[in-house]
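# Summary of the model geometry
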Number of protein chains: 2
Amino acid sequence: MRTEPVVEGSSPQPRRRGRPAKSTALADDTRSTIVTAAAAEFSRDGYDATSMRGIARAAGVDPALVRHYFSDKADLFAEAIAAPMRPDRMVRQALAGPRDQIGVNLVRYMVETLDRPAASERVIRMMHTALGQEFAAKMLRQFIIREVLKRIAKELGEEDSELRASFAATQIVGMVVARYGIKIEPLASASPDEVVNRIGPVVQWHLMGNPLP
Amino acid sequence: MRTEPVVEGSSPQPRRRGRPAKSTALADDTRSTIVTAAAAEFSRDGYDATSMRGIARAAGVDPALVRHYFSDKADLFAEAIAAPMRPDRMVRQALAGPRDQIGVNLVRYMVETLDRPAASERVIRMMHTALGQEFAAKMLRQFIIREVLKRIAKELGEEDSELRASFAATQIVGMVVARYGIKIEPLASASPDEVVNRIGPVVQWHLMGNPLP
């Protein structure tokens with residue numbers, strides 16, 4: 001089972017999907033073995049301490065084979081937790097636009113993605129698990145810090161960028177939980193534009209201190 | 001078991017605690033019967049549709065007795081879900097200060113309360129439940145809307161105050177989930193002042209559009 005990227009074409013490395021034509025069933029088995037091993041490794045050691053090489057070892061396959069199916073660790077992690085959205089890709093794409101639009105672009109991608117119930121239900125389920133079990137919180141935390149916040153901080157390059165990025169995360173996490181989880185009104189029924197206009201500039205202010213409208 | 005008010009002296013009506021001196025055990029039984037009935041009624045009907053009178057009926061006691069132990073519905077609800085903090089009281093207290101300080105005052109109360117692990121663990125447990133079970137989400141949603149957001153909106157008196165209040169809630173909910181639940185760094189280890197200075201003005205902007213520093 002593959003989770004399609006939320007934002008089309010946002011991956012810097014197109015996924016190599018060249019499975020051997022004559023052994024699709026075998027390839028699916030291998031792929032599935034890798035994902036199962038990855039889920040176990042991430043759960044046990046957390047996101048940071050798990051490596052592609054360690055996953056290959058646990059799955060009993062060559063590291064090159066892991067890289068054949070998955071471009072990087074974030075990719076494999078997203079698959080292991082069946083992540084319905086790829087915040088790391090969204091961030092990469094948002095960082096590619098004008099710097100004073102990072103907040104608005106990020107929020108727009110998230111709202112457009114999560115306004116589909118299938119996506120928001122899975123994200124809320126993941127949040128639910130993370131708030132109930134420390135190992136899940138740890139994985140999610142490390143993934144967010146490594147793949148999302150540190151990338152943003154690096155792009156901003158300021159001394160307090162990591163702190164700023166983590167505060168930006170509060171506004172995004174709160175938008176997700178309140179709109180799609182608890183469903184607080186009138187927020188939950190507000191139009192995507194309304195949400196983008198009221199949340200995007202706050203994320204931008206957290207990140208870079210741009211004045212609000 | 002009583003949960004002490006988080007913000008001392010913030011209740012407009014001091015709690016009447018005059019239990020009959022000679023029958024404390026009986027009074028405790030009665031009180032406990034009322035709380036149990038309340039929890040069942042809130043779960044079944046939600047916060048809005050549950051009344052003090054209905055709870056009295058379900059508990060098989062006189063409505064006056066319910067009011068003897070609990071000053072209002074929010075009070076009984078907080079007890080029924082063993083709420084570790086009372087956002088409704090915090091809001092009432094924050095609204096009593098200068099209007100341009102509502103955001104900062106609200107966030108300061110919350111951070112001071114939740115920096116005690118016993119309090120934050122219970123709030124996160126409640127969030128966890130609300131994200132996993134619709135009846136819990138419904139209760140929490142209705143409580144937040146009725147006791148928190150509508151009070152703020154009424155005080156602000158603007159046409160879009162309810163919408164503004166619900167957006168302010170996203171920043172507060174996100175601060176709680178990211179700092180105390182997922183524990184995203186460096187946010188989770190930031191000082192209370194840092195959190196108040198970076199979150200308070202955003203809440204204020206959501207509420208009233210005051211410019212950010």
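Residues numbered from 1 in each chain as written. Chains lettered and ligands numbered in written order. Predicted model: local features only at pLDDT ≥ 70, side-chain atom pairs only at ≥ 80, totals over all residues. Heavy atoms only, no water.

### Here we look at the relation of the copies chain A and chain B
When chain A is fitted onto chain B, the two copies agree to an RMSD of 0.0 Å after a turn of 180° and an axial shift of 0.0 Å. Taken together, the rotation angle and the small translation identify this as a two-fold axis. No C-alpha of chain A approaches the rotation axis more nearly than that of A:Gly174, which lies at 1.7 Å. Interface residue correspondence from chain A to chain B reaches 100%, placing this contact among same-surface, isologous pairings. (Least-squares fit on C-alpha atoms with pLDDT ≥ 70 in both. Contact = heavy atoms within 4.5 Å.)

### Focus on unusual backbone geometry
Residue and element names in this part refer to chain A. The omega torsion across Glu185 and Pro186 is 0°, close enough to zero to call that bond cis. Looking at the element boundaries, Pro186 is found in the loop between α9 (161-181) and α10 (192-208). Phi at Lys183 takes a positive value of approximately 60°, unusual for a residue other than glycine. Mapped onto the secondary structure, Lys183 falls in the loop between α9 and α10. (Helix = DSSP H or I, 4+ residues; strand = E, 2+ residues; numbered from the N terminus.)

### Comments concerning helix α1 (residues 24-49) of chain B
All names here are of chain B. Between its first and last C-alpha atoms α1 spans 32 Å; for 26 residues at 1.5 Å apiece the expected length is 38 Å, and the helix comes up short by more than 12%. Bending of α1 peaks at approximately 85° at the position of Ser43. Residues of α1 that are buried sit in contact with α2 (52-59), α3 (63-69), α4 (73-80) and α8 (134-156). (Expected span 1.5 Å × (residues − 1). Bend = angle between axes of the 7 residues up to and from the residue.)

### Examining the pattern of salt bridges
Residue and element names in this part refer to chain A. This model, assessed by the stated rule, comprises 32 salt bridges over all chains. Among the salt bridges present, the one from Arg31 reaches Glu79, with a minimum N-O distance of 2.9 Å. Separated by 48 residues along the polypeptide, Arg31 in helix α1 (residues 24-49) and Glu79 in helix α4 (residues 73-80) bring together distant segments of the chain. The same class applies to Arg31 as to Glu79, namely buried. When salt bridges with common partners are traced through the structure, they connect Asp75, Arg86, Asp88, Arg89 and Arg92 into a single cluster. (Salt bridge = Lys/Arg side-chain N within 4 Å of Asp/Glu carboxyl O. Buried < 20%, exposed > 50% of the residue type's maximum accessible area, 1.4 Å probe, protein only.)

### Here we look at the interface of chain A and chain B
Residue-level contacts link 43 residues of chain A with 43 residues of chain B. By the criterion of area lost to chain B, the three top residues of chain A are A:Leu131, A:Ile182 and A:Arg198, representing 20% of everything that side buries. At the boundary of chain A with chain B, the tally comes to 2 salt bridges. In this structure, B:Arg198 and A:Asp160 form a salt bridge, with 3.3 Å as the shortest nitrogen-oxygen distance. Across the contact surface, chain A and chain B share 13 residue pairs in polar contact (both at pLDDT 80 or more). Looking at the side of chain A that touches chain B, the elements that each hand over two or more residues are α7 (117-132), α8 (134-156), α9 and α10 of chain A. The element that contributes the greatest number of residues to the side of chain A that touches chain B is α9(A), accounting for 14 residues. Looking at side-chain class alone, the side of chain A that touches chain B contains 26 nonpolar, 9 polar and 8 charged residues. (Buried area = accessible area lost by both parts, 1.4 Å probe. Polar contact = N/O pair within 3.5 Å; in protein donor to acceptor, adjacent residues only side chain to side chain. Nonpolar A, V, L, I, M, F, W, Y, C, P; charged D, E, K, R; others polar.)

### With respect to the packing of aromatic side chains
Residues and elements named next belong to chain B. With the rule as written, the count across this model stands at 12 aromatic pairs over all chains. Ring centres of Phe42 and Tyr47 lie 5.7 Å apart, and the angle between their planes is 10°; this geometry places the pair in the stacked category. Each member of the pair, Phe42 as well as Tyr47, carries the same accessibility label: buried. Positioned over the ring face of Tyr47 is Lys73, at 4.5 Å from the centre of the ring. (Phe/Tyr/Trp six-rings, centres within 6.5 Å; stacked < 30°, edge-to-face > 60°. Lys NZ or Arg CZ within 6 Å of the ring centre and 35° of its normal.)

### Description of the packing of α9(A) against helix α10 (residues 192-208) of chain B
Packing of α9(A) against α10(B) brings their axes to within 11 Å, and their N-to-C directions diverge by 40°. In terms of orientation, α9(A) lies oblique with respect to α10(B). Of the two possible hands of crossing, α9(A) and α10(B) adopt the one that is right-handed. Residues A:Leu163, A:Arg164, A:Phe167, A:Thr170 and A:Gln171 of α9(A) form the contact with α10(B), whose participating residues are B:Glu194, B:Val195, B:Arg198, B:Ile199, B:Val202 and B:His206. (Axes fitted to C-alpha atoms, helices over the stretch in contact; angles between N-to-C directions. Parallel < 35°, antiparallel > 145°, perpendicular 65-115°, else oblique. Left-handed = near helix turned anticlockwise from the far one by under 90°.)

### Description of the side chain of A:Gln171
As for its position among the elements, A:Gln171 is in helix α9. Once residues lying within four places of it in the same chain are set aside, the contact partners of A:Gln171 are A:Ile199, A:Val202, A:Val203, A:His206, B:Thr170, B:Gln171, B:Val202 and B:His206.

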